Structures are given as C-alpha cells and as structure tokens.
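Fold and contact review
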Amino acid sequence: MCRQLSHSALCFIIPSHIQEQIARNGNAKQRENAFQNLTVSSRLRGQREILTTFAVLATTPTGTKRRTIYDAKNGMTLPGKLVRGEGAPKSADTSVNEAYDGSGKTYDFYLNNFQRNSIDDRGMRLDSTVHYRKNFNNAFWNGQQMVYGDGDGQIFQRFTKSIDVIGHELTHGVTQYEAALVYQDQPGALNEHFSDVFGSLLKQFVKQQTAKQADWLIGEGLFAPAIQGVALRSMKAPGTAYNDPLLGRDPQPAHMKNFVKTTSDSGGVHINSGIPNKAFYEVAVALGGKAWERAGKIWYRTLIDKIQPLTNFAECAGMTYEVAGTLYGQGSAEQKAVKAGWAIVGIPVGAPLAKAAGER
Amino acid sequence: MRVKFERSGGFANVPLSADLDSAEMAPARAEELKRLVEEARPFDQPSTSKANVPDDLQYQVTIEHAGEAKTINVSDTAASDKLKSLLDFLGEEALNKLRNKA
C-alpha cells in the first residue's frame, strides 16, 4: 500500500503510541498530522475506541471553517504551492476561488443541515489542489484532499466549474470516514450514489431550489462547447445526460433490469449508480419541498448510522426505509415515499434480502 | 510498437479506448512514445496496481514491442510519475485517433 500511495497518512511507519505522544504534545501541525494518522490507521484496524480518546485533543470547534487551496502549477506533485488560506482575499485565479468557495459552501451545507463539522465531523481542514497536471480530465478525493484538473478544453473544462463536483468529491471523504464503502461493484456504486446525492443537494441548497425546480444534473457545464451533452449524469433521467459522436452516450441505467455487469470502471460504479440515483430523485420529488430537508436527511442518517463497507443496493434500500420509519414514524408519508421510490427502479423494499451470487 | 489502450472511471467515466501503432504516428510523436516507454518501463511493472481512491482513472494497457507483450492494469494514483506521463500521452493519442474517425 505504501508503495502505491504517495500520502504518508496511509502508511503506518510511525508506531501508534508515538503518534499518540505527538497528538498530545506536538505543535499544531504535528498534532493534526498525528491525529489524522491515528484516525485513519485505527479505523483500518477496527479500533474505533481510540478515536474518542483523542477527539477532545484534536477537534476544531463546530462552525470553524478551515480551507486551504494549493496550486500544482500543472505538475504532478501534491499538494503543490499554497495560494489561498482561510480568510485570505480573493485570488486572480478563477479555479482557486471556485475551489475555495465550493468547499466553503459544502462545509456550510453539512453544518447547517446535518450539524456535521467538516468531512470527519471533527473540523478537518478542507484541502484542495487546482491545476493538477496538464489537460487533466478528472477530479478526485485521494483520501486526504481534493484534486482538480483543468480539463483538456476539448472534452472538459476545469472541474471546479460545477459546484456539485466539489460536493461530490468532499462527500467521498465523508463516506470514507463514516461507511468505508468498498469502491467496487454495488457497494462502489453506492459510494458514487451518495456522492452524487449530496453533490446535487449542495447545488440545490446553494440555489435554494425545491426538488421540482432542481435540474438533478451532475457536472452540468463541465463539457467543452463542442460536446453534445448537458452534463455527465442525470439523477432524474439516468442515461440521457449526453449523446455525442465522439464520446458515445450516457451509459447509466435507471432500473435494475438494465443493471450493467462490467469489469471496467471498478465494476461500473459510475454506471449503476444511476439506479439508486433515480430512486432518490423519485423520493425527493414525491415528498416535495427542499430535497435536503427530508429525503436528504433520511439518506444522510442512513450513510452515517447504517451503511457498511459491503452494503448492496437491496440492503441500502431496506436501510433507508428503516431510517425513514425511525425519523418520521412507521407508515409515515416519508417512509411510504422511500418504498415507492425504490420500487420504481425495481428494488422492492421489505422483500427478503437474499441475493444472487455476484450481486455485491 | 503497438499499444492497446483502455481508460475508464474517473469522476466523468467517459470511456476511451484505441489501438495505437507507432508506425501510424507522426515521427515526432512516435519518438516521444519511445522515450516515454523507456522511462516508464511498463515491462517491469506489476500486472495489477490499484489504489483505493474514489474517482481514480482506471487503465488497461497492452504494449507489444520487440517481440514482447505486456498488459498492465493500473489506476492513475497508483502509477509512478513516469507511468502517469505515458498514460497521459496514450490518452491524447487515443482521443486524436477517435477524433479523426468521428
């Protein structure tokens, strides 16, 4: 693992008792690093209790936003040069400001609606690197920070352009801390699904839109002008976001009967996420109003309290149904809407959870 | 040198694949490919090398050169910087080839 990843937090070279000493006695930067290492390594070892010991030492007060933006200057080294810290004036660079504002809005979104204090719920600093590599057509969360490419200008424009991309990437961080969904097959597609849900809800929250007003698009405006498509994905109508002579068409299914079995894309994690995405959209529209208030709350509590590393679609559906019952009452309108939403995509809730081999 | 290139995944998951042949490339590009392969040493790479990173680009690349063939499955963040440079170059070539066909 250490040879494959360039980030030291995933390499456990320093024994944990020394990390604990640093977490107690080091300077602010050392404490943060040590705490992060302890957090990641203890989670991977399944020793969650260690977290409570150090939570007191390392928690940043709720409501304290800490953003740091770096510029890779089209190189490969992360994080790159520090270009804007929390509270610093606007940069002349649009990407820098978009990463700064977008991560700030994501922080506000999670705090205001779910009382969540940053990615780890302990006030973790939100680090972003822009201008990563040359013509790089991607954005990702590397376990510690967000990384954004400029796009090649022919297929994609810069990846900070669409705020739901920023919410999507930061939510991968939330999922990493809370559910650790394995990034393969159905659990991987759920990992993608939760990132699309909260990425879209972030955009709706910023625009103060109702479920009916929202476009439910992921990555709207990211395509270069020559590409025939409005976005990368549509939660409202999976499979319709683009249809271009060069790129082909949006491959997302909207129903279990069209579930795609593939070895590429980590088992179709960005493809089959269309199925739960559509279910969420149906739930949100059926409930009406602002989607983050009820549908979003049900999905958030499911991610935090229920989802396990290998949860599959049917299990996730059952969990959202259970959570809706806990939050709003058994037989409530919310719980009925959840059941109906999953039924539309061919996932019956309440049916036995037995599943065919290979469905995970 | 012949290269079978496939890319999937990434936030966008716009798949890209092409069969490339250095004999069909502009001479300067063919030279560039040769240099990048020499630096990235794909024949010495493990056949599978993946990082557990969401939205990581996923590559499957088969290179045939001087009577040897090698397939590597690698995710972008798991690749060395030199291999990343080769993958970026192959992605550009694959896209150019598609564009010429479209």
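Our subject is the structure listed above.
**Things to note about the overall build of chain A**
When helices and strands are counted, chain A shows eleven helices and nine strands. Sorting the 360 residues of chain A into buried and exposed places 50% on the buried side. Put simply, 56% of the contacts in chain A that link residues at least 6 apart link residues at least 24 apart.

**Digging into the overall build of chain B**
When helices and strands are counted, chain B shows two helices and five strands. Element order for chain B, N to C, with α for helix and β for strand: β-β-α-β-β-β-α. Its C-alpha atoms give chain B a radius of gyration of 13 Å, near enough to 13 Å, the size a compact globule of 102 residues would have. Dimensions of chain B, computed from C-alpha atoms along their principal axes, come out at roughly 35 × 35 × 20 Å. Counting over 102 residues, chain B shows a buried share of 41%. Partitioning the intrachain contacts of chain B with sequence separation of at least 6 by distance along the chain shows that 67% fall at a separation of at least 24.

**Examining the packing of helix H5 (residues 163–178) of chain A against helix H6 (residues 185–207) of chain A**
Relative placement of two packed helices is described by the angle separating their axes and the distance separating the axes. All names here are of chain A. H6 packs onto H5 with a crossing angle of 135° between their chain directions and a minimal axis gap of 7 Å. One element, H5, and the other, H6, form an angle in the oblique class. The two elements H5 and H6 cross, and the hand of that crossing is right-handed. Contacts between H5 and H6 involve Ile163, Asp164, Val165, Gly167, His168, Thr171, His172 and Thr175 from the first element and Asn191, Phe194, Ser195, Asp196, Phe198, Gly199, Ser200, Leu202, Lys203 and Val206 from the second.

**Considering the sheet that holds strand S1 (residues 67–71) of chain A**
Residues and elements named next belong to chain A. Reading across the sheet, the five strands line up as S2-S1-S3-S5-S4 and stay open at both edges, with mixed pairing between neighbours. Edge positions in the sheet fall to strand S2 (81–85) and strand S4 (139–141), since each has one partner strand and no second. Neighbouring strand axes in the sheet, compared pairwise and without regard to direction, differ in orientation by 20° on average. In this sheet, strand S5 (residues 146–148) lies alongside S4 in antiparallel orientation, the contact comprising three bridges. Residue pairing in the sheet places phenylalanine 140 in a bridge with valine 147 of S5. Contacts from H5 reach S4 and S5 within the one sheet, and its direction differs from that of S4 by about 25°.

**Some thoughts on the pairing of strand S1 (residues 2–9) of chain B**
All names here are of chain B. Alignment of S1 against strand S2 (residues 16–21), held across six bridges, turns out to be antiparallel. Each residue of the ladder has a partner; that of arginine 7, found in S2, is leucine 16. Here S1 folds back onto S2, and the loop between the two strands holds six residues, one of which, glycine 10, carries a positive phi near 80°. Note: S1 against strand S4 (residues 57–65), eight bridges, orientation antiparallel.

**A closer look at the interface of chain A and chain B**
Listed as interface residues are 28 residues of chain A and, on the opposing side, 25 residues of chain B. Elements represented by at least two residues in the side of chain A that touches chain B include exactly S4, H5 and helix H7 (264–268) of chain A. The class makeup of the residues in the side of chain A that touches chain B is 14 nonpolar, twelve polar and two charged.

Scoring rules and cut-offs
Residues numbered from 1 in each chain as written. Chains lettered and ligands numbered in written order. Predicted model: local features only at pLDDT ≥ 70, side-chain atom pairs only at ≥ 80, totals over all residues. Helix = DSSP H or I, 4+ residues; strand = E, 2+ residues; numbered from the N terminus. Buried ≥ 20, exposed ≤ 12 C-beta atoms within 10 Å, placed from the backbone. Contact = placed C-beta atoms within 7 Å. Rg over C-alpha atoms; globule rule 2.2 N^0.38 Å. Axes fitted to C-alpha atoms, helices over the stretch in contact; angles between N-to-C directions. Parallel < 35°, antiparallel > 145°, perpendicular 65-115°, else oblique. Left-handed = near helix turned anticlockwise from the far one by under 90°. Pairing = 2+ DSSP bridges. Nonpolar A, V, L, I, M, F, W, Y, C, P; charged D, E, K, R; others polar.

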